[in-house]
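Overview (structure and organization)
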Amino acid sequence: MLSPESAGIIRATLPIVGASLDAITARFYDTMFAERPELLDGMFNRGNQANGEQRKALAGAFAAFAAALVERPGERPDRMLARIAHKHTAVGITSEHYIIVQKYLFGAIGDVLGEAVTAQVAAAWDEVYWLMAGALIALEARIYAEAGARDGNTWRRWRVIERREETPDVASFLLRPVGDAPVPPGRPGQYVSVRMRMPDGVYQLRQYSLSGASPDGARRITVKRVRGGDAPDGEVSTLLHATVGEGGELTLSAPFGDVALEDGHTPLVLVSAGIGCTPIVAMLEHLAATGCTRRVLLLHADRSQTDHALREDTERLLDALPGAEGILWYEEESYGDARTGQMDLTGVQIPEGAVIYMCGPVPFMRGARAQLLKAGVAARDIHYEVFGPDLWLGADD
């Protein structure tokens, strides 16, 4: 808990700090990378640095944590912290990195806010930082232990045993570990980091959901090539599509992610759009492999049948589940029983007491969540996965 003295200062200064966080985090990253450029090699995503998404995610998380400390002092925001901890472990963050971040973050706060940052204000916000950092370090240590990792090192070489073109812009890579050392198991819904060396020699990481797994230890990732349009194309996805085929090797982390399918008997509603289908298909595969008889409702939206990655797998797995049905929406064409247009849950019967798993673009998930809440689903039963920095922070109300 925050000390009473600091709580009063945080409550008084939160508006000005919150309003300046975008400038603070911009200054923080610029200064840190200027002095510690090695952090961009194999840890930080320079694409998210360029588009500002990482900066916005850091600002949002820090402000949300500070607000929670003063608004709900007896309640720690564990749901938010768990999401951040899994993102951190996927890229190898360790306790030493929090010391580096504190130095540059508080230097940026002083640079941006100037004389407003008195010694008392700095001490109060430092207390907030270390409460958040301490909670994350503890969570991340536990996650690493579960993955059998030491010092944040979960990396392992995997060989591509099959490449399958799913759509013109989506390819699946079936992977088997190189060597005989055991690998930590993955849960349906989790993701792995892929580490690749870019043409300029810098290593970059990207996270991809596991879209499938087999009992013999093989794993599958399904990657959409990111075409930037007005922005640069995706670095890692473009290199994967252009250079990696059967027989090639990739460096993968252990599986991470706090949004993983929980076994049970309650009905399930699996909601996705576009390439957000990947963790959902992994969930369907697990349900089919375990002989699940739960009521399962799949809701998926896509641009067209041609753009719908893993469509045949989805249909096969739904057929294998006696209590499952699927409803599809295609924006640009009609196909079979699919509905035309964007996802509209009007008239869709959501099973009572259902647990929801969602994945897709944040605007899509915002809209789907609003419709589900209107249909009577409890906010606590809606779980979501964001590809990239979490700019939503999933409200609980």
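Notes on the structure follow. (Residues numbered from 1 in each chain as written. Predicted model: local features only at pLDDT ≥ 70, side-chain atom pairs only at ≥ 80, totals over all residues. Heavy atoms only, no water.)

Looking at the overall build of the protein chain
Per the secondary structure count, the protein chain includes 10 helices and 12 strands. Here the protein chain has a C-alpha radius of gyration of 22 Å; the compact-globule value for 397 residues is 21 Å, and the two agree. In terms of overall dimensions, the protein chain has C-alpha extents of about 65 × 50 × 40 Å along its principal axes. Residues classed as buried in the protein chain amount to 52% of the 397 residues present. For the protein chain, restricting intrachain contacts to residue pairs at least 6 apart in sequence, the fraction spanning at least 24 positions comes to 74%. Accessible area for the protein chain stands at about 18500 Å²; split by element, carbon and sulfur atoms hold 51% of it. For the protein chain, the separation between the mean place of its 39 positive charges and that of its 52 negative charges on side chains is 2 Å. (Helix = DSSP H or I, 4+ residues; strand = E, 2+ residues; numbered from the N terminus. Rg over C-alpha atoms; globule rule 2.2 N^0.38 Å. Buried < 20%, exposed > 50% of the residue type's maximum accessible area, 1.4 Å probe, protein only. Contact = heavy atoms within 4.5 Å. Areas by Shrake-Rupley, 256 points an atom, 1.4 Å probe, with all protein chains shown as cover. Lys, Arg positive; Asp, Glu negative; His and termini not counted. Charge placed at Lys NZ, Arg CZ, Asp CG, Glu CD.)

As for the sheet that holds strand E8 (residues 296-302)
Strand order in the open sheet formed by six strands is E10-E9-E8-E7-E11-E12, with parallel pairing between adjacent strands. Each having just a single partner strand, strand E10 (339-340) and strand E12 (382-385) make up the two edges of the open sheet. In this sheet, strand E11 (residues 355-359) lies alongside strand E7 (residues 268-273) in parallel orientation, the contact comprising five bridges. Of the residues in E11, the one forming a bridge with Leu270 is Tyr357. Where helix H10 (residues 362-374) meets the sheet, its contacts fall on E7, E8, E11 and E12, and the angle it forms with E11 comes to roughly 165°. (Pairing = 2+ DSSP bridges. Axes fitted to C-alpha atoms, helices over the stretch in contact; angles between N-to-C directions.)

Observations concerning the environment of Leu14
Following the sequence through the fold, Leu14 ends up in helix H1 (residues 4-35). Placed 248 residues apart in sequence, Leu14 and Glu262 show a C-alpha to C-alpha distance of 37 Å. Apart from the residues within four sequence positions on either side, Leu14 is in contact with Ala63, Ala66, Ala67 and Trp125.

Comments concerning the packing of helix H5 (residues 95-113) against helix H6 (residues 119-146)
Contact geometry for H5 and H6: axes closest at 11 Å, N-to-C directions at 160°. The orientation of H5 with respect to H6, classified from their angle, is roughly antiparallel. The element H5 and its partner H6 pack so that their crossing is right-handed. Taking contact as the criterion, the partners of Ser95, Tyr98, Ile99, Val101, Gln102, Leu105 and Phe106 in H5 are, on H6, Ala122, Trp125, Asp126, Tyr129, Trp130, Ala133, Leu136, Ile137 and Glu140. The residue makeup of the contact of H5 with H6, split by class, is 12 nonpolar, two polar and two charged. (Parallel < 35°, antiparallel > 145°, perpendicular 65-115°, else oblique. Left-handed = near helix turned anticlockwise from the far one by under 90°. Nonpolar A, V, L, I, M, F, W, Y, C, P; charged D, E, K, R; others polar.)

Concerning empty space enclosed by the protein
Taken as a whole, this structure holds four cavities of 30 Å³ or more when the rule is applied. Volume-wise, the largest cavity comes out at about 40 Å³. Gly189, Val259, Pro279, Ile280, Met283, Tyr357, Met358, Cys359 and Glu385 are the residues that line the largest cavity. For the lining of the largest cavity, the secondary structure elements donating two or more residues are helix H8 (277-289) and E11. (1 Å grid on protein atoms, 1.4 Å probe; cavity = no way out; pocket = protein on both sides within 12 Å on 5 of 7 lines; lining within 4 Å. Points joined across faces, edges and corners; volume = space filled by probe spheres on them.)

A look at the packing of aromatic side chains
Taken as a whole, this structure holds nine aromatic pairs when the rule is applied. Pairing Tyr29 with Phe44 gives two aromatic rings, centres 6.1 Å apart and planes at 75°, and the pair type is edge-to-face. Taken together, the positions of Tyr29 in helix H1 and Phe44 in the loop between H1 and helix H2 (46-51) put the pair 15 residues apart, joining distant regions of the chain. Neither Tyr29 nor Phe44 differs from the other in exposure class; each is buried. Joined through ring pairs, the aromatic side chains of Phe28, Tyr29, Phe33 and Phe44 make up one cluster. The ring of Tyr384 carries the charged tip of Arg83 above its face, separated from the ring centre by 4.1 Å. Its guanidinium or amino end placed over the ring of Trp155, Arg195 lies 4.6 Å from that ring's centre, counting from NZ or CZ. (Phe/Tyr/Trp six-rings, centres within 6.5 Å; stacked < 30°, edge-to-face > 60°. Lys NZ or Arg CZ within 6 Å of the ring centre and 35° of its normal.)

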